[in-house]
Amino acid sequence: MSEPRILLADCDSYFVRCAMLADPEGAGRSELVIVGGSPTGRGVVTSASYAARAFGVHAGMPMATAVRLCPGAVFAPVPGEVVRGKHVEVRAVLDDFSPVVEAASVDEFYLDLTGTELMYHGEPLEQTALRIQREVMERTGISISIGGATGRTLAKIAASVNKPFGVCIVPPGGEAEFMARFPVSDIPGVGPALAESLRRRGVTMVRDLAVQDLATVVSWVGDSRGPWLHRLARGEDGGRVSRRGPQKSVSHERTFPMDISDREELETRLLMLAVETGASLRAEGLRARTVTVRVRYADFTDRSASRTAPEPIESDRAIYAVARELFRELLARRAGGIRLLGVGVSKLGPEQEAEPELFADVEGSGETERDRRLAEASDKLRGKYGRGTLVPARIANRDPKDRHRGRGDSEAES
DNA sequence: TCTGGGGTCCTAGGACCC
DNA sequence: TCTGGGGTCCTAGGACCC
């Protein structure tokens, strides 16, 4: 068996690069570019150029803060179309280099080059990585950084070492030494909560963790994360590259520009979200058994309620019917201004082409054949004439100015 | 400074069944 | 009489990732 040879290709400030390509005359001409929600709204920074990062701007920061820190920047919305398009282009280049490519997110790809030594005539992994990097840049205009190691987690950490446009390969056998220098919070999967609980035990760096025995680490972080974290601290990374499984949930949520207390207004928003979720579900060719409603109150506490139907559903009407019941239960539990509302579906399965009479009025699902045909018809209309063509009467009857409020940032780009 | 939107995975308790 | 153990499903909440 040859040693695992795993690469992580990570696009450098990907959303910024896409925004520059989407708007060559605006963002494309500036060094200071910040991509995210509206600068005056409640959004956060999705990505900032390296020049803007020098001002202290970083992903996840409220836009209002970013404006204050870096007022001279060009503020751009998320360029959804370019983001999706370049993802496909980058992927195509990577497919030419590796038989196994896994898209871990829109801007990260794992490559498994295990067993390709003959194909590459014994070329050192670093040379291969440099060639991949150059070719991605030439063919797509996207800058990537590449990390390489015998496991996926180490490859991912390595990719961050020489960013941007860098390559870092961890030599086989050098894994433990490589890991020792990092804070535990640099390990993907160790977030603020776990890092803080380790810090209280005197562990900040991976090297502090590596000297602990397995039983101790398990007693600290639990049976499921303990063995994983213990091995990783020693540079033992069994993580390989695999195809992603089927999608498990579909959801849409929206933070309002101002908190909303009015129930009618909230139920109208809920309907819009149910329609969006239904459309996304059907676009994937899926049906769902569980509907979940999520509410975030003004004080940032989240509450959710979910219900699982005996039979899968797919129509906007059926999703909304369940969502409204759940929403009213949530409101009964706690009143007050609401900042965010979300509708999600899970327990997904494939859409079935079945005999209409077999599915008509299925006991318990509350969804009829008529509901499904109506949903299918509106999908076709939307596909033909664009989103917003067909909205439920309750939404269409509202003031058009009103309809625009509170829409997502990604829609502001068009 | 006042905190997005889309996901995945884990935990823990209760219901229900054998 | 007052008390088993395991498996599976559902629900709510939370950590984490990009």
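Every residue gets a number counted from 1 within its own chain, in the order that chain's sequence is written. Labels are handed out in written order, letters beginning with A for the chains and numbers beginning with 1 for the ligands. Given that this is a predicted model, residues contribute local features only at a pLDDT of at least 70 and side-chain atom pairs are listed and counted only at 80 or more, while totals for whole chains, interfaces and linings are drawn from all residues. Only heavy atoms go into the side-chain values, all of them from the structure, while hydrogens and water stay out.

Brief notes about helix H13 (residues 316-333)
Note that an α-helix has 3.6 residues per turn; residues three or four places apart therefore point the same way. Rule in force here: By the criteria applied, helices consist of DSSP H or I runs no shorter than four residues and strands consist of E runs no shorter than two, each listed in order from the N terminus. Expected helix span is computed as 1.5 Å times (number of residues minus one). Residue exposure (1.4 Å probe, protein chains only): buried if accessible area is under 20% of the type maximum, exposed if over 50%, otherwise partly exposed.
Under the 1.5 Å per step criterion, the end-to-end length of H13 is 26 Å for 18 residues, consistent within 8% with the ideal 26 Å. Buried within H13 are the following residues: Asp316, Ala318, Ile319, Tyr320, Val322, Ala323, Leu326, Phe327, Leu330 and Leu331.

Remarks on the state of the cysteines
Definition in use: Note on disulfides: each one is a pair of cysteine sulfur atoms within 2.5 Å.
According to the stated counting rule, one finds zero disulfides in the structure shown. The thiol of Cys18 is not disulfide-bonded; the next cysteine sulfur, from Cys11, is found 7.8 Å away.

A closer look at helix H5 (residues 125-140)
Cut-off, in case you're wondering: For this quantity, the arc is that covered by the directions from the helix axis to the C-beta atoms. In this analysis, two residues are considered to be in contact whenever any of their non-hydrogen atoms come within 4.5 Å of each other.
Along its 16 residues, H5 runs 22 Å from first to last C-alpha, staying within 8% of the 22 Å computed at 1.5 Å per residue. Those residues of H5 not exposed but buried are Leu125, Thr128, Ala129, Ile132, Gln133, Val136 and Thr140. What you see down the axis of H5 is that its buried residues fit within an arc of 140°, all on one side. Buried positions along H5 lie against strand E1 (6-11), helix H4 (80-95), strand E6 (108-112), strand E7 (144-149) and strand E8 (167-169). Remark: Gly141 follows H5 within two positions and exhibits a positive phi of approximately 75°.

Some details on the nonpolar core
Formally: By convention a nonpolar core is built from buried Ala, Val, Leu, Ile, Met, Phe, Trp, Tyr and Cys residues, the set being connected through side-chain atoms within 4.5 Å. Delimitation of the domains relies on an automatic or database domain assignment.
Counting residues in each nonpolar core, the largest one holds 33 residues, and the members touching the most others are Leu94 and Ile132. Of all the secondary structure elements, the ones that give two or more residues to this core are E1, helix H1 (14-22), strand E2 (33-36), H4, strand E5 (100-105), E6, H5 and E7. Ranked by residue count, the leading element in this core is H1, at six residues. Both domain 1 (6-13 + 81-172) and domain 2 (24-78) contribute no fewer than three residues apiece to this core. With sequence-adjacent residues up to four places away left out, Leu94 is seen in contact with Ala9, Val101, Phe109, Leu111, Ile132 and Val136. Among the nonpolar cores identified, the runner-up in size contains 31 residues, and Leu271, Ile313, Tyr320 and Leu326 belong to it.

Comments concerning the confidence of the model for chain A
What counts, and what does not: A score between 0 and 100, pLDDT records how confident the predictor is in each residue.
Summing up the model confidence of chain A, the mean pLDDT is 91 and the portion of residues at 70 or higher is 90%. Scored below 50 in pLDDT, residues 355-364 makes 17 contacts in the model with residues more than four places away or belonging to other chains. Note that pLDDT drops below 50 for residues 400-414; the model gives that stretch 22 contacts with residues more than four away or on any other chain.

A short note on the protein's contact with DNA strand C
Going by this rule: A cutoff of 4 Å decides nearness: a residue is near a molecule or strand if any of its heavy atoms lies inside that distance of it. Here a polar contact is taken to be a pair of N or O atoms separated by no more than 3.5 Å, where protein atoms must pair a possible hydrogen donor with a possible acceptor and residues adjacent in sequence count only if both atoms sit in side chains. Residue polarity is assigned by list, with Asp, Glu, Lys and Arg as charged and Ala, Val, Leu, Ile, Met, Phe, Trp, Tyr, Cys and Pro as nonpolar; anything else, Gly included, falls into the polar class.
In the region of DNA strand C, 21 residues are neighbours, and Asp107, Lys156, Gly189, Ser306 and Thr308 sit closest. Backbone atoms, meaning sugar and phosphate, make up 100% of the atoms of DNA strand C lying within 4 Å of the protein. Separating a phosphate oxygen of DNA strand C from a side-chain N or O atom of Lys156 is a distance of 2.4 Å. Only helix H8 (192-199) and strand E11 (302-313) provide two or more residues apiece to the surface near DNA strand C. Class assignment of the residues belonging to the surface near DNA strand C gives a composition of seven nonpolar, six polar and eight charged.

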